[in-house]
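An overview of the molecular structure
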Amino acid sequence: SQQGEEDPQALSIQEGENATMNCSYKTSINNLQWYRQNSGRGLVHLILIRSNEREKHSGRLRVTLDTSKKSSSLLITASRAADTASYFCATDAIQGGGADGLTFGKGTHLIIQP
Amino acid sequence: DVKVTQSSRYLVKRTGEKVFLECVQDMDHENMFWYRQDPGLGLRLIYFSYDVKMKEKGDIPEGYSVSREKKERFSLILESASTNQTSMYLCASSDSGQGYEKLFFGSGTQLSVL
(Lines give C-alpha, C1' and ligand atoms only; values in the text may rest on other atoms or scores of the structure.)
Protein backbone atom coordinates (compact mmCIF):
# COMPACT_ATOMS: atom_id res chain seq x y z
CA SER A 1 0.00 0.00 0.00
CA GLN A 2 1.35 3.43 -0.92
CA GLN A 3 1.60 5.60 2.15
CA GLY A 4 3.33 8.78 1.08
CA GLU A 5 2.58 10.75 -2.06
CA GLU A 6 4.93 13.50 -3.21
CA ASP A 7 3.87 16.62 -5.01
CA PRO A 8 4.80 17.81 -7.57
CA GLN A 9 5.90 14.79 -9.60
CA ALA A 10 8.48 16.95 -11.34
CA LEU A 11 10.00 20.35 -10.64
CA SER A 12 12.42 22.42 -12.70
CA ILE A 13 13.98 25.57 -11.27
CA GLN A 14 16.98 27.85 -11.85
CA GLU A 15 20.15 27.40 -9.88
CA GLY A 16 20.09 29.54 -6.76
CA GLU A 17 16.32 29.36 -6.34
CA ASN A 18 14.59 27.47 -3.54
CA ALA A 19 12.86 24.16 -4.20
CA THR A 20 9.85 22.97 -2.24
CA MET A 21 8.42 19.47 -2.35
CA ASN A 22 5.42 18.16 -0.47
CA CYS A 23 4.43 14.78 0.88
CA SER A 24 1.04 13.58 2.07
CA TYR A 25 0.40 10.33 3.90
CA LYS A 26 -2.58 8.39 5.15
CA THR A 27 -2.01 6.82 8.56
CA SER A 28 -0.44 7.77 11.88
CA ILE A 29 3.33 7.63 11.86
CA ASN A 30 6.33 7.33 14.15
CA ASN A 31 8.50 9.38 11.83
CA LEU A 32 8.81 10.70 8.30
CA GLN A 33 12.03 10.66 6.32
CA TRP A 34 13.29 12.21 3.12
CA TYR A 35 15.69 10.48 0.74
CA ARG A 36 17.51 11.54 -2.42
CA GLN A 37 18.24 9.32 -5.39
CA ASN A 38 20.64 10.25 -8.14
CA SER A 39 19.88 8.71 -11.51
CA GLY A 40 20.20 4.93 -11.51
CA ARG A 41 21.62 4.73 -8.00
CA GLY A 42 20.48 3.78 -4.52
CA LEU A 43 18.73 6.16 -2.15
CA VAL A 44 20.55 8.32 0.35
CA HIS A 45 18.97 9.36 3.63
CA LEU A 46 18.66 13.15 4.02
CA ILE A 47 16.68 13.91 7.14
CA LEU A 48 14.24 12.37 9.62
CA ILE A 49 11.50 14.17 11.50
CA ARG A 50 9.62 12.52 14.35
CA SER A 51 5.88 12.73 14.86
CA ASN A 52 6.29 15.07 17.85
CA GLU A 53 8.47 17.51 15.88
CA ARG A 54 7.19 20.29 13.64
CA GLU A 55 10.32 21.52 11.92
CA LYS A 56 13.88 20.38 11.41
CA HIS A 57 16.92 21.82 9.66
CA SER A 58 20.02 20.24 8.20
CA GLY A 59 22.33 22.49 6.19
CA ARG A 60 20.30 23.82 3.23
CA LEU A 61 17.41 21.47 4.02
CA ARG A 62 14.33 22.40 6.00
CA VAL A 63 11.61 19.88 6.73
CA THR A 64 8.22 20.58 8.25
CA LEU A 65 5.65 18.11 9.52
CA ASP A 66 1.95 18.74 10.12
CA THR A 67 0.46 15.61 11.66
CA SER A 68 -3.04 17.09 11.74
CA LYS A 69 -2.94 17.42 7.95
CA LYS A 70 -0.79 14.32 7.50
CA SER A 71 1.65 16.24 5.36
CA SER A 72 5.30 17.24 5.21
CA SER A 73 7.37 19.57 3.09
CA LEU A 74 11.03 19.57 2.11
CA LEU A 75 12.65 22.89 1.27
CA ILE A 76 16.05 23.05 -0.39
CA THR A 77 17.45 26.56 -0.26
CA ALA A 78 19.93 28.10 -2.71
CA SER A 79 19.71 25.12 -5.06
CA ARG A 80 22.75 23.83 -6.94
CA ALA A 81 23.11 21.74 -10.07
CA ALA A 82 24.22 18.84 -7.86
CA ASP A 83 20.78 18.85 -6.21
CA THR A 84 19.30 17.45 -9.42
CA ALA A 85 17.85 14.12 -8.30
CA SER A 86 14.63 12.39 -7.30
CA TYR A 87 13.40 13.01 -3.78
CA PHE A 88 11.28 10.55 -1.83
CA CYS A 89 9.41 10.78 1.41
CA ALA A 90 9.11 7.64 3.51
CA THR A 91 6.88 6.97 6.47
CA ASP A 92 7.26 4.63 9.38
CA ALA A 93 3.67 3.81 10.24
CA ILE A 94 2.62 3.10 13.78
CA GLN A 95 2.14 -0.65 14.24
CA GLY A 96 -1.27 -1.68 13.08
CA GLY A 97 -1.86 1.66 11.48
CA GLY A 98 -0.63 0.69 8.06
CA ALA A 99 1.93 -1.38 6.21
CA ASP A 100 4.85 -2.46 8.33
CA GLY A 101 8.35 -1.42 7.38
CA LEU A 102 9.20 1.88 5.78
CA THR A 103 6.85 2.93 2.98
CA PHE A 104 8.00 5.23 0.19
CA GLY A 105 6.15 7.59 -2.07
CA LYS A 106 6.63 7.82 -5.83
CA GLY A 107 9.05 10.70 -5.65
CA THR A 108 9.55 14.22 -6.98
CA HIS A 109 12.05 14.59 -9.81
CA LEU A 110 13.94 17.85 -9.30
CA ILE A 111 15.93 19.45 -12.09
CA ILE A 112 18.18 22.42 -11.37
CA GLN A 113 18.86 24.47 -14.50
CA PRO A 114 22.31 26.12 -14.55
CA ASP B 1 30.68 4.54 6.60
CA VAL B 2 27.96 1.96 6.32
CA LYS B 3 28.24 -0.08 3.21
CA VAL B 4 25.47 -2.08 1.61
CA THR B 5 26.73 -4.11 -1.29
CA GLN B 6 24.56 -5.72 -3.93
CA SER B 7 26.31 -8.46 -5.84
CA SER B 8 25.38 -7.35 -9.36
CA ARG B 9 24.76 -3.95 -10.91
CA TYR B 10 23.10 -5.38 -14.03
CA LEU B 11 21.64 -8.83 -14.56
CA VAL B 12 19.96 -10.41 -17.57
CA LYS B 13 18.03 -13.63 -17.09
CA ARG B 14 15.61 -15.75 -19.09
CA THR B 15 12.00 -16.46 -18.23
CA GLY B 16 11.69 -19.42 -15.87
CA GLU B 17 15.21 -19.17 -14.47
CA LYS B 18 15.81 -19.14 -10.74
CA VAL B 19 17.47 -15.87 -9.82
CA PHE B 20 19.41 -14.98 -6.70
CA LEU B 21 20.05 -11.38 -5.72
CA GLU B 22 22.55 -11.02 -2.92
CA CYS B 23 22.95 -8.19 -0.46
CA VAL B 24 25.58 -7.77 2.24
CA GLN B 25 25.87 -5.04 4.86
CA ASP B 26 28.86 -4.36 7.07
CA MET B 27 27.33 -2.45 9.99
CA ASP B 28 25.80 -5.26 12.04
CA HIS B 29 22.29 -3.95 11.31
CA GLU B 30 19.34 -6.01 12.49
CA ASN B 31 16.90 -4.90 9.79
CA MET B 32 17.27 -5.62 6.11
CA PHE B 33 14.88 -4.87 3.26
CA TRP B 34 14.26 -5.64 -0.38
CA TYR B 35 12.43 -3.10 -2.54
CA ARG B 36 11.71 -2.98 -6.21
CA GLN B 37 11.51 0.31 -8.05
CA ASP B 38 9.50 0.84 -11.21
CA PRO B 39 8.84 4.06 -13.13
CA GLY B 40 5.64 5.70 -11.95
CA LEU B 41 5.24 3.28 -9.06
CA GLY B 42 8.06 4.34 -6.77
CA LEU B 43 9.57 1.89 -4.31
CA ARG B 44 7.55 -1.08 -3.18
CA LEU B 45 8.53 -3.33 -0.31
CA ILE B 46 8.92 -6.99 -1.22
CA TYR B 47 10.23 -8.55 1.99
CA PHE B 48 12.06 -7.46 5.08
CA SER B 49 13.84 -9.15 7.94
CA TYR B 50 14.41 -7.93 11.48
CA ASP B 51 16.64 -10.77 12.59
CA VAL B 52 18.51 -13.81 11.36
CA LYS B 53 16.14 -16.43 9.96
CA MET B 54 13.21 -14.05 10.41
CA LYS B 55 11.29 -12.64 7.48
CA GLU B 56 8.15 -10.63 6.93
CA LYS B 57 6.17 -10.08 3.76
CA GLY B 58 5.96 -6.61 2.41
CA ASP B 59 3.44 -5.24 -0.05
CA ILE B 60 4.34 -7.38 -3.06
CA PRO B 61 5.86 -10.73 -1.98
CA GLU B 62 4.25 -12.85 -4.68
CA GLY B 63 6.80 -14.58 -6.87
CA TYR B 64 9.65 -13.88 -4.45
CA SER B 65 11.23 -15.53 -1.45
CA VAL B 66 14.08 -14.49 0.82
CA SER B 67 16.78 -16.02 2.93
CA ARG B 68 18.66 -14.63 5.88
CA GLU B 69 21.01 -17.26 7.26
CA LYS B 70 23.57 -14.75 8.52
CA LYS B 71 23.00 -11.32 9.97
CA GLU B 72 24.97 -9.49 7.30
CA ARG B 73 23.43 -11.19 4.28
CA PHE B 74 19.92 -10.99 2.88
CA SER B 75 19.11 -12.79 -0.34
CA LEU B 76 16.16 -12.27 -2.64
CA ILE B 77 15.11 -15.26 -4.72
CA LEU B 78 12.97 -15.24 -7.81
CA GLU B 79 11.82 -18.86 -7.97
CA SER B 80 10.85 -18.72 -11.63
CA ALA B 81 11.63 -15.37 -13.21
CA SER B 82 8.96 -13.71 -15.32
CA THR B 83 9.10 -10.66 -17.57
CA ASN B 84 7.01 -8.62 -15.12
CA GLN B 85 9.83 -8.97 -12.62
CA THR B 86 12.07 -6.82 -14.80
CA SER B 87 12.87 -3.97 -12.44
CA MET B 88 15.44 -2.17 -10.33
CA TYR B 89 15.93 -4.06 -7.06
CA LEU B 90 17.19 -2.15 -4.05
CA CYS B 91 18.47 -3.66 -0.83
CA ALA B 92 18.64 -1.64 2.37
CA SER B 93 19.57 -2.09 5.99
CA SER B 94 18.93 -0.22 9.23
CA ASP B 95 19.73 -0.45 12.89
CA SER B 96 17.01 -1.60 15.25
CA GLY B 97 15.38 0.95 17.45
CA GLN B 98 12.04 2.58 17.77
CA GLY B 99 10.51 1.90 14.43
CA TYR B 100 12.44 2.09 11.19
CA GLU B 101 15.00 4.84 10.97
CA LYS B 102 17.60 5.85 8.42
CA LEU B 103 17.84 3.12 5.84
CA PHE B 104 21.15 2.63 4.07
CA PHE B 105 20.72 1.51 0.48
CA GLY B 106 22.86 -0.44 -1.91
CA SER B 107 23.43 0.84 -5.46
CA GLY B 108 20.72 -1.40 -6.87
CA THR B 109 20.52 -4.28 -9.31
CA GLN B 110 18.84 -3.64 -12.64
CA LEU B 111 17.31 -6.98 -13.56
CA SER B 112 16.05 -7.70 -17.05
CA VAL B 113 14.05 -10.88 -17.62
CA LEU B 114 13.79 -11.83 -21.29
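These notes cover the structure that comes with them.

What counts and how
- Residues numbered from 1 in each chain as written.
- Chains lettered and ligands numbered in written order.
- Predicted model: local features only at pLDDT ≥ 70, side-chain atom pairs only at ≥ 80, totals over all residues.
- Heavy atoms only, no water.
- Helix = DSSP H or I, 4+ residues; strand = E, 2+ residues; numbered from the N terminus.
- Rg over C-alpha atoms; globule rule 2.2 N^0.38 Å.
- Buried < 20%, exposed > 50% of the residue type's maximum accessible area, 1.4 Å probe, protein only.
- Contact = heavy atoms within 4.5 Å.
- Areas by Shrake-Rupley, 256 points an atom, 1.4 Å probe, with all protein chains shown as cover.
- Lys, Arg positive; Asp, Glu negative; His and termini not counted.
- Charge placed at Lys NZ, Arg CZ, Asp CG, Glu CD.
- Buried area = accessible area lost by both parts, 1.4 Å probe.
- Salt bridge = Lys/Arg side-chain N within 4 Å of Asp/Glu carboxyl O.
- Nonpolar A, V, L, I, M, F, W, Y, C, P; charged D, E, K, R; others polar.
- Core = buried A, V, L, I, M, F, W, Y, C linked by side-chain atoms within 4.5 Å.
- Phe/Tyr/Trp six-rings, centres within 6.5 Å; stacked < 30°, edge-to-face > 60°.
- Disulfide = S-S within 2.5 Å.

Here we come to the overall build of chain B. The helix and strand inventory of chain B stands at 0 helices and 12 strands. Each helix (α) and strand (β) of chain B, taken in turn from the N terminus, gives the series β-β-β-β-β-β-β-β-β-β-β-β. Its C-alpha atoms give chain B a radius of gyration of 13 Å, near enough to 13 Å, the size a compact globule of 114 residues would have. The buried share of chain B, taken over its 114 residues, is 46%. Looking at chain B alone, contacts between residues at least 24 apart form 57% of all its contacts between residues at least 6 apart. Accessible surface, chain B: about 5,500 Å² in total, of which carbon and sulfur atoms supply 48%. Averaging the locations of the 15 positively and 16 negatively charged side chains of chain B gives two centres separated by 6 Å.

Bringing the interface of chain B and chain A into the picture now. Contacts between chain B and chain A engage 21 residues on the former and 22 residues on the latter. A combined buried area of about 1,700 Å² lies between chain B and chain A, and 49% of that area is made up of carbon and sulfur atoms. Among the residues chain B hides against chain A, the three largest losses belong to B:L43, B:Y100 and B:F105. Together they make up 28% of the total. The interface formed by chain B and chain A includes 1 salt bridge. Note that B:E101 and A:R50 form a salt bridge whose closest N and O atoms lie 2.6 Å from each other. Elements supplying a minimum of two residues to the side of chain B that touches chain A: strand 5 (31–38), strand 6 (42–49) and strand 10 (87–94) of chain B. Per-class residue counts for the side of chain B that touches chain A are 10 nonpolar, 7 polar and 4 charged.

Glancing now at the nonpolar core. Residue and element names in this part refer to chain A. Grouped together as the largest cluster of nonpolar side chains are 22 residues, with contacts concentrated most on L32, W34, L74, I76, Y87 and L110. Elements that contribute at least two residues to this core include exactly strand 2 (10–14), strand 3 (19–24), strand 4 (29–37), strand 5 (43–50), strand 7 (61–66), strand 8 (71–76), strand 9 (85–93) and strand 11 (108–113). For L110, the contacting residues outside a window of four places in its chain are L11, I13, A19, M21, I76, D83, T84, A85 and Y87.

For the rest of this paragraph, the subject is the packing of aromatic side chains. The geometry of an aromatic ring pair comes down to the distance between the two centres and the angle between the two planes. For the structure shown, the criterion picks out 8 aromatic pairs over all chains. For the pair A:Y35 and B:F105, a centre-to-centre distance of 5.9 Å together with 85° between the ring planes defines the contact as edge-to-face. One end of the pair, A:Y35, is in strand 4; the other, B:F105, is in strand 11 (residues 104–105), on a second chain. For the pair shown, A:Y35 and B:F105 are each scored as buried. The interplanar angle of 85° and the centroid separation of 5.2 Å between the aromatic rings of A:F104 and B:Y35 together place this pair among those described as edge-to-face. One end of the pair, A:F104, is in strand 10 (residues 102–104); the other, B:Y35, is in strand 5, on a second chain. Take A:F104: its relative accessible area is 0%, and that puts it in the buried class. Residue class for B:Y35 comes out buried when judged on its relative accessible area of 1%.

Once that is clear, we can look at the state of the cysteines. All names here are of chain B. In total, this model carries 2 disulfides over all chains according to the counting rule given. Each disulfide pairs two cysteine sulfurs, and for C23 the partner residue is C91, the sulfurs being separated by 1.9 Å. Disulfide C23-C91: the torsion about the S-S bond is -80°, which places it as left-handed. Residue C23 is located in strand 4 (residues 23–25), and its partner C91 is located in strand 10; the two are separated by 68 residues in the primary sequence. For the pair formed by C23 and C91, the shared burial category is buried.

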